[in-house]
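# Close look at the chain arrangement
What follows is each chain in one-letter form.
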Amino acid sequence: MRVTEYLYPESLEAALRLLAAPDTSPIAGGTVVSLEGARAPRLVDITRIGLDQVTLGQGELLIGAAVRAADLTLETLGASPEAMLIAEAAAGMATTPLRNAITVGGNLAYLCGWADLPVAALALDASIEVQQEGAAPQLRPATAWVAQHPRAALPKEALVTALRLPLKPGARGVAYHRFRASATENALVSVAVAVTVAEGICVEARVALGAVTPRPVRAEAVEAALIGGPLTSARIAQAVEALDVRVSPNFRMSPKARTRILAATTRRAILEASQRATGGQA
Amino acid sequence: MIVEFTLNGEAVRWEMPPDTKLLDALRVQGLIGTKQGCREATCGACTVLLNGRAVFSCALLLAQAQGGTVETVEGLGSVSDPHPLQRALVDASAVQCGFCIPGVLMSAKGLLDQDPNPSEGAIRRALNGNLCRCTGYVKIIEGVTLAAEEMRRRV
């Protein structure tokens, strides 16, 4: 679609007011707009309205929607298992020039099949903050976010304003693993894991899978099999046998091969997360 | 629309349609050092620096540069006075057909501006968006390493 107007609001309020008008859509990193065309003739640039901040709050890490993927590092996010998972997910995302453009909000809102942040958000029990003019900020849990594409689930005037990660207590371990044909290609399999261990027993496990289905999913059967016992390699291998995700066809690789790779990648990711949670004592 | 920004150190004011890609804007204005390769954010031939960071100019609108700074290969150096990166890539035999080189140079400059003494891993990572079908990358990485050494000597 032809772009007829490009607007630079200077505050979130002004941006939301502009987005409430018809035929208007947001632009941040610009990769989707440039490569696929604009969704509306009026574009609102949301990179100059203070959404590029990372805030460490009470038990929560808030990452602004305009933060670039390249800035999702432990230096900017601080040290926590949650920050580590986001940093690992972002570090392997696409190529350096794309990481310099891609924003948190864009990666969440566009929700392409191989997007990394939605997978990490799912494993971290995160919420996506959405705002629109004349309404209080809404928090949408990551599980709801991936259940239906946000483009269908949200009104057109809504803007993703932040990714909010609860910082959970306890002995936590995380890991983000992917499989792809080369170091910079889209993932064919991605797995995000977060586990919590108490007195040698796994008390919480979240295993999120990306790139294998149209939108990320949780491997709930695997999570259930992990909880309630020690995270030994034998128990992890057994839990992964519960994987029941139907892998979508992909022109690069048969579903059969990808299903096997998914199982191996999932097992390795859980193993690494477990070792991190227990300091290698598992 | 009118977009005002700093291009290779000089203030410019360009009037173009709001959906003009930065790549097209540059080339229409005669800055043809920035190459059009895949036009889909894969090959890296169009890499420029926006506000000091390497980006694909095929995946950006000119409007996004409003008030910012853009650096292209034209701002690096000239045949008579090459930038250390340009000199080093030639010395390392890292240039064959040359089509990818403007993008490689800008990605490398984006790295060296931030990190004057990068590890080989950091160089590889900085260049992971630039495809070269001639060299196999080894010479390019050697060239960037050489340039970094030379630039540290000059400081």
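Residues numbered from 1 in each chain as written. Chains lettered and ligands numbered in written order. Predicted model: local features only at pLDDT ≥ 70, side-chain atom pairs only at ≥ 80, totals over all residues. Heavy atoms only, no water.

## Section: the overall build of chain B
Selection rule: Here a strand is any run of E in DSSP of at least two residues, a helix any run of H or I of at least four, and the numbering for each starts at the N terminus. For a compact globule the rule gives 2.2 Å times the number of residues to the power 0.38, and the radius of gyration it is set against comes from C-alpha atoms. Exposure is judged per residue with a 1.4 Å probe applied to protein chains only, and the accessible area is read against the type maximum: over 50% gives exposed, under 20% gives buried, and values in between give partly exposed. A contact between two residues is defined here by any heavy atoms of the two lying within 4.5 Å. Using a 1.4 Å probe, the Shrake-Rupley method yields the accessible areas, and only the shown protein chains count as cover for residues. Residues counted as positive are Lys and Arg, residues counted as negative are Asp and Glu, and His and the chain ends are not counted. For this purpose, a charge sits on NZ of Lys, CZ of Arg, CG of Asp or CD of Glu.
For chain B, the count of helices and strands is five helices and five strands. Of the regular secondary structure in chain B, the N- to C-terminal order runs β-β-α-β-β-β-α-α-α-α. Its C-alpha atoms give chain B a radius of gyration of 15 Å, within 12% of the compact-globule value 15 Å for 155 residues. In terms of principal-axis extent, the alpha carbons of chain B reach across some 45 × 35 × 30 Å. Residue burial in chain B is summarised as follows: out of 155 residues, 51% are buried. Within chain B, counting contacts between residues at least 6 apart in sequence, those at least 24 apart form 55% of the total. Per element, the accessible surface of chain B, about 7100 Å² overall, is 50% carbon and sulfur. Averaged over its 15 positive side-chain charges, chain B has a centre that lies 5 Å from the centre of its 16 negative ones.

## Points about the environment of Val70 of chain B
All names here are of chain B. Here Val70 lies in strand β5 (residues 69–71). Under the relative-accessibility criterion, Val70 is labelled buried at 0%. Taking the C-alpha atoms as reference points, Val70 and Phe5, 65 residues apart in sequence, are found 7.4 Å from one another.

## Here's the deal with the interface of chain A and chain B
Many authors give the size of an interface as the accessible area that is lost as the parts come together. What counts, and what does not: We define buried area as the total accessible area lost by two parts upon association, computed with a 1.4 Å probe and summed across both. Counted as salt bridges are all cases of a side-chain nitrogen of Lys or Arg within 4 Å of a carboxyl oxygen of Asp or Glu. Pairs of N or O atoms are called polar contacts if they sit within 3.5 Å, as long as, within protein, a hydrogen donor faces a hydrogen acceptor (for residues adjacent in sequence, only side-chain-to-side-chain pairs). Any residue that is not Ala, Val, Leu, Ile, Met, Phe, Trp, Tyr, Cys, Pro, Asp, Glu, Lys or Arg is counted as polar, Gly included; the first ten are nonpolar and the last four charged.
Opposite the 30 residues of chain A that make contact, chain B presents 25 residues. Together chain A and chain B conceal approximately 2000 Å² of surface at their shared face, both sides included; 52% is due to carbon and sulfur atoms. Across the salt bridge formed by Arg53 of chain B and Asp71 of chain A, the nearest N and O atoms sit 2.4 Å from each other. Applying the counting criterion to the chain A and chain B interface returns 16 residue pairs in polar contact (both at pLDDT 80 or more). Of all elements in the fold, only β1 (5–7), α2 (31–36), β3 (42–45) and α5 (96–99) of chain A reach the threshold of two or more residues within the side of chain A that touches chain B. Taken together, the residues of the side of chain A that touches chain B sort by class into 14 nonpolar, nine polar and seven charged.

## So, the packing of helix α11 (residues 233–240) of chain A against helix α12 (residues 255–278) of chain A
Residues and elements named next belong to chain A. What counts, and what does not: In this analysis an axis means a line fitted to C-alpha atoms, helices contributing only their contacting stretch, and an angle means the value between N-to-C directions, from 0 to 180 degrees. In this scheme, a crossing is called left-handed if the near helix is turned counterclockwise away from the far one by less than a right angle; it is called right-handed if the turn is clockwise.
Packing of α11 against α12 leaves a shortest axis separation of 9 Å and a crossing angle of 145°. Note that α11 runs across α12; the crossing there is right-handed. Mapping the contact onto sequence places Ser233, Ile236, Ala237 and Val240 in α11 and Ala263, Thr266, Arg267, Ile270, Leu271 and Ser274 in α12.

## Details of the nonpolar core
Residues and elements named next belong to chain A. Under the convention used in this document: By convention a nonpolar core is built from buried Ala, Val, Leu, Ile, Met, Phe, Trp, Tyr and Cys residues, the set being connected through side-chain atoms within 4.5 Å. Residue ranges assigned to each domain were obtained from an automatic or database domain assignment.
In terms of nonpolar packing, the biggest core is built from 59 residues, with Ile63, Leu72, Ile86 and Leu163 touching the most fellow members. Mapped onto the domain boundaries, this core takes at least three residues apiece from domain 1 (1–168) and domain 2 (171–278). Once you skip the residues sitting within four places of it in the chain, Leu72 turns out to touch Ile63, Val67, Leu77, Ile86, Ala87, Ala90, Val104 and Leu117. Core analysis: the second largest hydrophobic core is formed by 26 residues, Ala205, Leu209, Leu262 and Ala277 among them.

## Description of the domain arrangement of chain A
Residue and element names in this part refer to chain A. Structurally, chain A comprises domain 1 (1–168) and domain 2 (171–278). For domain 1 and domain 2, the distance between their C-alpha centres works out to 25 Å. Facing 27 residues of domain 1, the contacting portion of domain 2 comprises 26 residues. Carbon and sulfur atoms supply 57% of the area buried between domain 1 and domain 2, which totals about 2200 Å² over both sides. For the interface between domain 1 and domain 2, the tally reads five salt bridges. Residue Glu88 pairs with Arg276 through a salt bridge whose shortest N-O separation is 2.7 Å.

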